[in-house]
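Here is what each chain is made of, one letter per residue.
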Number of protein chains: 2
Amino acid sequence: MIKHCSVIDKRFPLHDGAGSDAIHKNPVYSYTVTQLTDENGLTGTGLAFTLGEGNDLVCRAASFYAQQLKGKDIEEVMHDFGSLFRELSNEQQFRWLGPHKGVVHLGLASVTNACFDLWAKRRGVPLWRLLTDLSPEAIVNTLDLSYLEDELTREDAIALLRLNKEGMSERTRIIEKGYPGYDTSIGWFNYSDQQVQENVKRAVAAGFSALKLKVGSPDAERDIRRANLVREAAGDAVKVMLDANQQWNLPQAIAVCHKLQGIRPYWIEEPTHPDDILGHKILANAIAPTKLALGEHVPNRIIFKNYLQSNCVGFIQVDAVRVGGVSEFITVSLLCRKFGIPVVPHVGDMGQLHQHLVLFNHISMGHRVVFLEHIPHLSSYFVHPAKIRDGVYLTPQEPGSSCDLKL
Amino acid sequence: MIKHCSVIDKRFPLHDGAGSDAIHKNPVYSYTVTQLTDENGLTGTGLAFTLGEGNDLVCRAASFYAQQLKGKDIEEVMHDFGSLFRELSNEQQFRWLGPHKGVVHLGLASVTNACFDLWAKRRGVPLWRLLTDLSPEAIVNTLDLSYLEDELTREDAIALLRLNKEGMSERTRIIEKGYPGYDTSIGWFNYSDQQVQENVKRAVAAGFSALKLKVGSPDAERDIRRANLVREAAGDAVKVMLDANQQWNLPQAIAVCHKLQGIRPYWIEEPTHPDDILGHKILANAIAPTKLALGEHVPNRIIFKNYLQSNCVGFIQVDAVRVGGVSEFITVSLLCRKFGIPVVPHVGDMGQLHQHLVLFNHISMGHRVVFLEHIPHLSSYFVHPAKIRDGVYLTPQEPGSSCDLKL
């Protein structure tokens, strides 16, 4: 039984341009940390991610949801978590503040993630193990599929998981091999050309075969110069992704993306505003076959449904510390599987939680292995920091979702 | 110069089922009230609307923005308000919590509205007068048109306003005649059949020629019975609108809307989730020529742009206490004018602010007169409550935007 709930506002200043992009010049990586403690002293930890200012608002929203869990047994909660999620996310007064987006939905993410963490700890297994051991029905019981009835009913979701039982044991080999990572930290926006060059060489030497550069400069020439510089330093075999962090309007995006196609980017990420579904469609058509990646700022399953239906996205970057936690992450992953689009999460959690989720997506859902973003800046603050070796995430073995922070 | 900023959390319990709908069973109408006081003691009042729980979060977000206005002169602020809006709404850390949606954007609405109110009070005129007297350039200076470059550039906006100078003097007759209202309070969700019938008769006797009924019951038969009851009681000449408050999923919406078409609704409002642009498009095609109305929960200009581009909405219900205040309301109204779609605001402000804005939309933008929602439940709390006579809003004459509350 959950005896105690607390929510903590944790902020970690970054240094020397780390974390900077075209819009976020000086972020303070921050977590809304929900802790749910049961009668045995087990504590489930859940995160939502922000950039500092306003993290206290998310904490208050999380507290509102968390207090409603007091006195409940985690196994009972998780047996039908989808219903609880639906109830909490539609609480009739709080719902007005979204619905299903912004501060309140970030708060719900933190609480949802704490539930999944506590569940795995209660069972004494890492989250990926818990999830991959669940039956299709038990998985779908943790999901709220409302407003997806036109694309993914409960029956569809169960059938999709059943279908992917085939090949599952082969796919479990990923546990031993580890899930590949990619390096986001070679080219933060504020880094100098020389820093970027050195970082590329270091990343390639460390075994990464995919790297990401921040673009979206007011001066497109800077973007092009830096993109070429990364391509040259990395060589032709390395995948290079470009991330504009919403900095372009649609006409700019079309113009600059055309110029950036010269370096053969594996994807172009967040070219414009995350709400502009039709704009992304126009852009995707204009720059095909170059693919778009997005989802970092997309708050819920309904908008992801629209993106998938409009067929404008090559990679979905749903983030379990932005949408309504692990539950809605799984929902979006199922939608993506239906539409044949890979999930390559944005890692507001620094990959701690998502290293579990990409294993589950691959093993149980049959999603193909791409790679998982790797950002090392907060690793010293985690109790069990993600381990990456030769560019590959080593599969976590500790019980839970690896989100405990040294508080 | 703005010397003092304060933000107040005001909540007004409702009684006997007033305000209830399919999702919001027991709302507490609440305002985040921003007050900006200048060196002459003039106070600009701005509102954002919520349903109670979490209004304190919006207050904190509003405070964050409001404190950045201290020491600024209101005339200088409004001379280029579009730039300030853009800067505030993209504050690099706070932006993560949206962007441009949810709690932070509601907070910005409250602050923006306080600026427009103070501006009108400084000039000693009602807001509608201030706005209709502005040059096209001065109006567009108050707007942030970013992410609309594919549909509405600054030049487009100015040209649209210039074009509508023609006929303007004739359209100012609306000032004398007053803007028609419609009655939302005949059919709140929790009202009994008998209450609804009595309310319809009272509303028609009071001069209203348009009425709204809440639908979205779990039992579609209840919706159909009540809709027929309203049609019968109101007669054929009265317009009847049906509002589902997002209660249906897409397959349900298609099925129930087909059944409700029998009463010839003037529109069907918020049939499903406000983020589901493509879902609305499918529904609109399925139930044409019946028109959809939506916007009450749409947070920003970019999503409205997508709704307009997809050509699925017959009436846009942008609410200046949901989007980023008067500024973004005007932006969305310009977009609607371009697309030929009427603006019929949702009135989280109880019509206090919107009675000014619909006059401006008609006079300066050439929007056709439809009618403005009328909800009387909070009128006793306003210093200058909207006056409605024979179903028509009497044009407000007091300086400002009529949003001062008896605090």
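Residues numbered from 1 in each chain as written. Chains lettered and ligands numbered in written order. Predicted model: local features only at pLDDT ≥ 70, side-chain atom pairs only at ≥ 80, totals over all residues. Heavy atoms only, no water.

(A) Examining the packing of aromatic side chains more closely. Across all of its chains, the model carries 38 aromatic pairs over all chains by this definition. The interplanar angle of 65° and the centroid separation of 6.1 Å between the aromatic rings of Y31(B) and F382(B) together place this pair among those described as edge-to-face. In this pair, Y31(B) is assigned in strand β2 (residues 28-38) and F382(B) in the loop between β10 (372-374) and β11 (388-389), connecting sequence segments 351 residues apart. For the residue pair Y31(B) and F382(B), the accessibility class agrees, reading buried in each case. A connected cluster of aromatic rings, assembled from ring pairs, spans F12(A), Y29(A), Y31(A), F49(A), Y381(A), F382(A) and W96(B). Sitting over the ring of F189(B), R222(B) keeps its end group 4.7 Å from the ring centre. (Phe/Tyr/Trp six-rings, centres within 6.5 Å; stacked < 30°, edge-to-face > 60°. Helix = DSSP H or I, 4+ residues; strand = E, 2+ residues; numbered from the N terminus. Buried < 20%, exposed > 50% of the residue type's maximum accessible area, 1.4 Å probe, protein only. Lys NZ or Arg CZ within 6 Å of the ring centre and 35° of its normal.)

(B) View of helix α10 (residues 193-205) of chain B. All names here are of chain B. Compared with an ideal rise of 1.5 Å per residue, which puts 13 residues at 18 Å, α10 spans 18 Å between its outermost C-alpha atoms and is within 8% of the ideal. Regarding α10, the residues found buried are V196, N199, V200 and A203. Mapping the buried residues of α10 onto a view down its axis gives an arc of 105°, with all of them on the same face. Residues of α10 that are exposed and point over 90 degrees away from its buried face: Q194, K201, R202 and A205. (Expected span 1.5 Å × (residues − 1). Arc of directions from axis to C-beta.)

(C) Seen up close, the environment of W248(A). Looking at the secondary structure, you find W248(A) in the loop between β6 (239-243) and α12 (250-260). Put simply, W248(A) and H79(A) are 169 residues apart on the chain and 44 Å apart in space, counted from C-alpha to C-alpha.

(D) Representation of the sheet that holds strand β2 (residues 28-38) of chain A. Residue and element names in this part refer to chain A. With antiparallel pairing, three strands are arranged side by side in an open sheet as β1-β2-β3. Bordering the open sheet on either side are β1 (2-13) and β3 (43-50), each of which pairs with just one other strand. Direction aside, neighbouring strands of the sheet carry axes that sit 20° apart on average. Where β2 and β3 come together, eight bridges link them in antiparallel fashion. Note on β3: the bridge partner recorded for Y31 is F49. Of the strands in this sheet, β1, β2 and β3 touch helix α4 (residues 102-123), which is tilted by about 150° from β3. (Pairing = 2+ DSSP bridges. Axes fitted to C-alpha atoms, helices over the stretch in contact; angles between N-to-C directions. Contact = heavy atoms within 4.5 Å.)

(E) Here's a closer look at the packing of helix α3 (residues 81-89) of chain A against α4(A). Residues and elements named next belong to chain A. In the contact formed by α3 and α4, the axes pass within 11 Å of each other and the chain directions differ by 155°. In terms of orientation, α3 and α4 fall into the roughly antiparallel class. Between α3 and α4 the crossing geometry is right-handed. Of the residues in α4, those touching α3 at F81, F85, L88 and S89 are H105, L108, T112, C115 and F116. For the contact of α3 with α4, the residue count by class is six nonpolar, three polar and no charged. (Parallel < 35°, antiparallel > 145°, perpendicular 65-115°, else oblique. Left-handed = near helix turned anticlockwise from the far one by under 90°. Nonpolar A, V, L, I, M, F, W, Y, C, P; charged D, E, K, R; others polar.)

(F) Here's a closer look at helix α13 (residues 277-287) of chain A. I277(A), L278(A), G279(A), H280(A), L283(A), A284(A) and I287(A) are the residues of α13(A) that are buried. On its buried side, α13(A) packs onto α12, β7 (267-269), β8 (292-294) and α14 (301-310) of chain A together with α13 (277-287) and α14 (301-310) of chain B.

(G) Geometry of the relation of the copies chain B and chain A. If you rotate chain B by 180° and push it 0.0 Å along the axis, it lands on chain A with an RMSD of 0.0 Å. Here the two chains are linked by the operation of a two-fold rotation axis. Nearest to the rotation axis, the C-alpha of G102(B) is located 2.3 Å from it, this being the minimum over chain B. When the interface residues of chain B are mapped onto chain A, 98% of them again lie at the interface, so the same face is used by both copies. (Least-squares fit on C-alpha atoms with pLDDT ≥ 70 in both.)

(H) Just the pattern of salt bridges, in detail. Summed over all chains, the structure comprises 42 salt bridges over all chains. With its nearest N and O atoms 3.5 Å apart, the salt bridge here joins R122(A) to D38(A). Of this pair, R122(A) sits in helix α4 while D38(A) sits in strand β2, and the two are 84 residues apart along the sequence. Judged by its relative accessible area of 3%, D38(A) falls in the buried class. Two residues, K212(B) and E269(B), come together in a salt bridge whose shortest N-O distance is 2.8 Å. With a gap of 57 residues between them, K212(B) in strand β5 (residues 210-214) and E269(B) in strand β7 (residues 267-269) connect regions that are remote in the sequence. Classification of E269(B) as buried rests on a relative accessible area of 0%. Shared partners join several salt bridges into a network, and the residues in it are K212(A), K214(A), D243(A), E269(A) and E373(A). (Salt bridge = Lys/Arg side-chain N within 4 Å of Asp/Glu carboxyl O.)

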